[in-house]
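Report on the structure
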Amino acid sequence: MHSHSNAAPYTPTRPVRKTPLGQVATRGIWKENPVFVHLMGLCPALAVTNSVINGLAMALATAFVLVGSSILISLLRHAIPHAIRISTYVLIVGTFVTVADLFMQATVPVVSKALGAFIYLIVVNCMILGRHEAFSSRNNVGRSALDAVGTSLGFLIALVLMGGVRELLGVGELFGRRVLPASFEPWVVMGLPPGGFFTIAFILLGMNAWALKRTGNQGNALRERVHRASRVEGRAR
C-alpha cells in the first residue's frame, strides 16, 4: 500500500541576481536621479535652490546624512526589529542631521541661517528613508555606501543645476559673482518659491523631449535595419 503525501514537491529557488557594483554606484546619478526621475526630495529642491551656494550646502548636508545613516543601518540591519524599523531609521537620520546642523552653524553660519528649518527637514526626506527601506536595510555596508554616494551625487547635481538656473536668471549671478551684463533685467520670480516650480518643470520638459527624440531615433534605426534585413532575405529567395 502506497502512502500519498499532500505536501508540494520541493522546487529549488533561483538565487537572486545582485545588481553590479558599478550600476549600484552610478544609477542614482542620472538614470535614477532622485529629483528629476523619482521626484523625491522636492521640498529642499524647490525651497533652497534660489542660489548655487544654498543648493550646494543642502546637497552636501544631505549627502553626509545619507551616507552615514546608510552605513549604520546596514551594520544594524539584522538587529533592528521589523516592527519599529521606520522609527529606528528616523532616529538614526535625526542624529546625523543634528551633527550636520551643528557643524554648519559653527563653520558657515550665514548659509546655515539661509537654509533655516529645511536642514531639520532632512530627517523626513523621503529620498533618504526610501533608500534605507529599499536598499540599506537589505544589503551589506559596501553596497549600501556605494548606493548612498551615487544617490547623493544625483541629488547634488539636481540642486546645483536648479540653483544655477535660478540664480543666473533671478539676479544675473553665479556663486555670488556677476555673470550677465548690467543691462540684464532680473526675473524676480526665479528667486521666489514659484521659480523652483518653473525651473524643475522646464528641466523635466527638456529631459523628456530628449528622451523621446532618442527613443524615436532608436526606433527609426531599428525599423531601417528590419527593412534592410527583409530586403536581403527577399533577394535570397
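Everything here concerns the structure above.
Residues numbered from 1 in each chain as written. Predicted model: local features only at pLDDT ≥ 70, side-chain atom pairs only at ≥ 80, totals over all residues. Heavy atoms only, no water.

Some points on the pattern of salt bridges
Note the threshold: The term salt bridge refers to a pairing of a side-chain nitrogen on Lys or Arg with a carboxyl oxygen on Asp or Glu at a separation within 4 Å. Elements are defined by DSSP. Helices are runs of H or I of four residues or more, strands are runs of E of two residues or more, and each kind is numbered from the N terminus. Only protein chains enter the area calculation, which uses a 1.4 Å probe; residues under 20% of their type maximum are buried, those over 50% are exposed, and those in between are partly exposed.
Per the stated rule, a full pass over the model turns up 3 salt bridges. The partner of Asp147 in a salt bridge is Arg27, with the nearest N and O atoms 3.4 Å apart. Note that Asp147 is positioned in helix 7 (residues 141-171) and Arg27 in the loop between helix 1 (21-26) and helix 2 (42-47), a separation of 120 residues in sequence. Here Arg27 falls in the buried class, since its relative accessible area comes to 13%. In this structure, the salt-bridge partner of Asp147 is Arg131, at a minimum N-O distance of 2.9 Å. Residue Asp147 is found in helix 7, and its partner Arg131 is found in helix 6 (residues 126-134); the two are separated by 16 residues along the sequence. If you follow the salt bridges from partner to partner, you end up with Arg27, Arg131 and Asp147 in one network.

Some remarks on the packing of helix 4 (residues 85-107) against helix 6
Just so we agree on the cut-off: Note on geometry: axes are C-alpha line fits, over the in-contact stretch for helices, and angles between N-to-C directions span 0 to 180 degrees. Reported orientations rely on four angle classes, namely roughly parallel under 35 degrees, roughly antiparallel over 145, roughly perpendicular from 65 to 115, and oblique for the rest. Each helix crossing is assigned a hand: it is left-handed if the near helix lies turned anticlockwise from the far helix by less than a right angle, otherwise right-handed if that turn is clockwise. Contacts between residues were defined by any pair of non-hydrogen atoms, one from each residue, lying within 4.5 Å. Residues are sorted three ways: Asp, Glu, Lys and Arg are charged, Ala, Val, Leu, Ile, Met, Phe, Trp, Tyr, Cys and Pro are nonpolar, and all the rest, Gly among them, are polar.
Interhelical geometry of helix 4 versus helix 6 gives an angle of 130° and a closest axis separation of 11 Å. Considering their axes alone, helix 4 and helix 6 lie oblique with respect to each other. Between helix 4 and helix 6 lies a crossing of right-handed hand. Of helix 6, the residues touching helix 4 (which contributes Arg85, Ile86, Tyr89, Val90 and Val93) are Ile128, Leu129, His132 and Glu133. In terms of residue class, the contact of helix 4 with helix 6 is made up of 6 nonpolar, 1 polar and 2 charged.

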